[in-house]
Amino acid sequence: MSARSSPAWARASGMTGTLEQPDVAAGDGLPAMTGHALHRVVQESLTNAAKHAPGAAVRVRITREPRSRR
C-alpha cells in the first residue's frame, strides 16, 4: 500500500490529508464502473469534509480484499 501526504486534492481545497491506496499491478485495476463509483464516493466525502470541517486533516484509505464466492 502506498501513501501520499497532502495530495493535490487536499492542497487545492486548503485541507491537509493523506491518501492511502493499494499498489495495483498493470492490468489488475478495477472495472470501469466500480472505479467511477469509488471516485464519486471519495469525491463526495471530501466535499462534505471541506464543507463541514474546513481546514481539518483528512485521510482517505482505499483497501482491496479478495473476492469470496458462496
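In the block above lies the structure referred to throughout.
For every chain, the first residue of its written sequence is number 1, and the numbers climb from 1 along that sequence. Local features in this predicted model are restricted to residues of pLDDT 70 or higher, and side-chain atom pairs are both shown and tallied only at a pLDDT of 80 or more, whereas totals for entire chains, interfaces and linings draw on every residue. Side-chain numbers come from the whole structure's heavy atoms, not from hydrogens or water.

A. Here's a closer look at the overall build of the chain. Where helices and strands are cited, they refer to DSSP runs of H or I of at least four residues and of E of at least two residues respectively, numbered from the N terminus. In terms of helices and strands, the chain carries 2 helices and 3 strands. Along its sequence from the N terminus, the chain presents helices and strands in the succession β-α-β-α-β. Accessible area is worked out with a 1.4 Å probe on protein chains only. A residue is then buried under 20% of its type maximum, exposed over 50%, and partly exposed in between. Considering the chain as a whole, with its 70 residues, one finds that 13% of them fall into the buried category. A fraction of 50% describes how many contacts in the chain between residues 6 or more apart in sequence connect residues 24 or more apart. A contact between two residues is defined here by any heavy atoms of the two lying within 4.5 Å.

B. Main features of the pattern of salt bridges. One side-chain nitrogen of Lys or Arg within 4 Å of one carboxyl oxygen of Asp or Glu is enough to make a salt bridge. One pass over the structure, following the stated rule, counts 1 salt bridge. Residue E20 pairs with R61 through a salt bridge whose shortest N-O separation is 3.2 Å. Taken together, the positions of E20 in strand β2 (residues 16-21) and R61 in strand β3 (residues 57-61) put the pair 41 residues apart, joining distant regions of the chain. According to the relative accessible area criterion, E20 is buried, its value standing at 15%. Look at R61 and you get exposed, because its relative accessible area is 53%.

C. Geometry of the pairing of β3. Burial along β3 is one-sided: V58 and V60 are buried, while A57, R59 and R61, pointing the other way, are not. Relative to β3, β2 runs parallel, the two being bridged by 5 bridges. Paired with T16 across the strands is A57, a residue of β3. In this description, strands pair whenever DSSP reports at least two bridges between them.

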